[in-house]
Amino acid sequence: MTTPQLITRADELRLLRQQRDKAQKTLALVPTMGNLHAGHLSLVETAKTLADQVMVSIFVNPLQFGPNEDFDAYPRTLDADLARLAEVGCDLVFAPSASTLYPEGQNHQTRVLVPQVSEGLCGSKRPGHFEGVATVVSKLFNLTQPQVACFGEKDYQQLSVIRKLTQDLNFPIQIVGVPTCRDADGLALSSRNQYLSSKERSIAPGLFATLQQTAAALTTGNRQFHHLEEDARAHLAELGFAPDYYEIRALDLTAPKVDASAWVILAAAFLGKTRLIDNLEVRLCDSGRGGQDPSNPV
Ligand code: PAF
């Protein structure tokens, strides 16, 4: 078990890139905000199968947090993260400071705006969030220059935004979506789960269970999207959630069509102050949950 090499500066990345090119080795990047759990480790496991070296970036990106969100409280656990990454055989960790990524300060930073897919859902509930994500991911891509980058499907809209920016900005990077890891009761793993009280934690699996109920209704032929969404929101409220949004969309996040054979149901809901998100794809006549198809970017 070897501790990954810790890099904090851009010039170190450049040197490593030169060495990698010389040795004709490929790199897979796993961008994270740290506080790593089994979901992140499954991204690393996938990344290991796709390139010679794996780099995890750890950066709590201030640009993607709104003024009333949990930027200050977001758990920073670098030592524990490095230990977990050593266990799964991650080669490199890039953990820059805010002044490395935004040397002139956030307000003077050029931004990346991804139209359409950034709109609605989390995009309208968290104004500026996807601009912050797209900006930091573009910078990480330029700094680290990977051949492959892995992201979790739990953040379905984020993955769609990243696929589009990669295509639109001509990054020569393969974007790979990795299925959501869940606890045994169905709750999607998230760093924010640790904010839940024990009562909230007992209610939390209801979010995925509700998505499964809507998926079952779609599978058995119900196409009354608005009714299904309203019923699900009411059900979540009964369970004790404050639903933020609950929407059925086409896989490319446009409006759902009744004659389609696949949809994605996306949900965000508060339990107390903690905002949970989750999603579920529904594919008719499917042999299983496929996730976003890397060869068919949305
Ligand atoms: O999903 C996350 O952890 C973050 O949004 C990301 C992609 C690392 C950008 O800060």
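Residues numbered from 1 in each chain as written. Predicted model: local features only at pLDDT ≥ 70, side-chain atom pairs only at ≥ 80, totals over all residues. Heavy atoms only, no water.

**Remarks on the overall build of the protein chain**
Stated formally: A run of H or I in DSSP becomes a helix once it reaches four residues, and a run of E becomes a strand once it reaches two; helices and strands are each numbered from the N terminus. Restricting the calculation to C-alpha atoms gives the radius of gyration, and the globule rule supplies 2.2 Å times the number of residues raised to the power 0.38. Exposure categories follow from relative accessible area, calculated using a 1.4 Å probe and restricted to protein chains: below 20% of the type maximum is buried, above 50% is exposed, and the middle band is partly exposed. Should any heavy atoms of two residues lie within 4.5 Å, those residues are counted as being in contact. Exposure was quantified through the Shrake-Rupley algorithm and a 1.4 Å probe, taking into account, for residues, occlusion by the shown protein chains and nothing else. Under the counting rule used here, the positive set is Lys and Arg, the negative set is Asp and Glu, and His together with the chain ends is not counted. Each charge is placed at NZ for Lys, CZ for Arg, CG for Asp and CD for Glu.
Assigned secondary structure in the protein chain consists of ten helices and nine strands. In terms of overall size, the protein chain behaves like a compact globule, its C-alpha atoms giving a radius of gyration of 19 Å where 298 residues would be expected to give roughly 19 Å. By the burial criterion, 52% of the 298 residues in the protein chain qualify as buried. Of all intrachain contacts in the protein chain linking residues separated by at least 6 positions in sequence, the fraction that spans at least 24 positions is 71%. Entry remark: accessible area of the protein chain is about 14000 Å², with carbon and sulfur atoms responsible for 50%. On the protein chain, the mean spot of the 28 positive side-chain charges and the mean spot of the 33 negative ones are 3 Å from each other.

**Focus: the packing of helix H6 (residues 129-144) against helix H7 (residues 156-168)**
Applicable threshold: Every axis corresponds to a line fitted to the C-alpha atoms, with the helix fit spanning only the stretch in contact, and the corresponding angles, defined between N-to-C directions, vary from 0 to 180 degrees. What sets the label is the angle itself: under 35 degrees gives roughly parallel, over 145 gives roughly antiparallel, 65 to 115 gives roughly perpendicular, and the rest give oblique. Take the far helix as the reference: if the near one is turned anticlockwise from it by less than a right angle, the crossing is left-handed, and if turned clockwise, right-handed. Classes in brief: Ala, Val, Leu, Ile, Met, Phe, Trp, Tyr, Cys and Pro nonpolar; Asp, Glu, Lys and Arg charged; the others, Gly included, polar.
Closest axis-to-axis distance for the H6/H7 pair is 10 Å, and the angle between their directions is 50 degrees. Here H6 lies oblique to H7, going by the angle between them. As for how H6 packs across H7, the hand of that crossing is right-handed. Contacts between H6 and H7 pair Phe130, Val133, Ala134, Val137, Ser138 and Phe141 from the former with Gln157, Gln158, Val161, Ile162, Leu165 and Thr166 from the latter. Classifying every residue of the contact of H6 with H7 by side-chain character gives eight nonpolar, four polar and no charged.

**Topic: the site of the ligand**
Stated formally: Neighbouring residues are identified by heavy atoms, a residue being near a molecule or strand if any of them is within 4 Å of it. What qualifies as a polar contact is a pair of N or O atoms within 3.5 Å, subject to a donor-acceptor requirement within protein and to the restriction that residues adjacent in sequence count only when both atoms come from side chains.
Neighbouring the ligand are Pro31, Thr32, Met33, Asn61, Gln64, Val133, Val136, Phe151 and Gln158. The side chain of Gln158 places a nitrogen or oxygen atom 2.7 Å from an oxygen atom of the ligand. About the coverage of the ligand: the protein hides 89% of its 290 Å² of free accessible area. Counting only elements with at least two residues in the shell around the ligand, the list comes to strand E2 (27-32) and H6.

**Remarks on the side chain of Lys154**
Just so we agree on the cut-off: The rule for a salt bridge is simple: a side-chain nitrogen of Lys or Arg has to be within 4 Å of a carboxyl oxygen of Asp or Glu.
Along the chain, Lys154 turns up in the loop between strand E5 (148-152) and H7. Of the side chains with opposite charge, Asp155 comes closest to the buried, unpaired Lys154, at an N-O distance of 4.2 Å. When residues no more than four places from it in sequence are discounted, the contact partners of Lys154 are Thr180, Ala188, Leu189, Ser190, Ile277 and Asn279.

**Brief notes about the sheet that holds strand E4 (residues 92-94)**
What counts here: Following DSSP output, two strands are said to pair if at least two bridges run between them.
Spatially, the six strands line up as an open sheet ordered E1-E4-E3-E2-E5-E6, and their pairing is parallel. The sheet terminates laterally at strand E1 (5-7) and strand E6 (174-178), the two strands that pair on one side only. Each neighbouring strand pair of the sheet contributes to a mean axis angle of 25 degrees, computed without reference to strand direction. In terms of strand pairing, E2 meets E5 through two bridges, oriented parallel. Of the residues in E5, the one forming a bridge with Leu29 is Ala149. Contacting E5 and E6, H7 runs over the sheet at an angle of about 170 degrees to E6.

**Some points on the side chain of Thr210**
Structurally, Thr210 can be placed in helix H9 (residues 206-219). In contact with Thr210, not counting residues within four places along its chain, are Ala232, His235, Leu236, Leu239 and Tyr246.

**Re the sheet that holds strand E9 (residues 274-283)**
Strand order across the open sheet formed by three strands is E7-E8-E9, with antiparallel pairing between neighbours. Of all the strands in the sheet, just strand E7 (242-249) and E9 have a single pairing partner and so form its edges. Strand-to-strand twist across the sheet, computed as the mean angle between neighbouring axes with direction ignored, equals 10 degrees. Two elements, strand E8 (residues 262-271) and E9, share ten bridges in a ladder whose sense is antiparallel. The residue bridging Ala262 from the neighbouring strand is Arg283, located in E9. The sheet contacts of H9 involve E7, E8 and E9, and relative to E9 the element is tilted by about 25 degrees. Packing against the sheet, helix H10 (residues 225-239) makes contact with E7 and E8, and its axis sits at approximately 155 degrees to E7.

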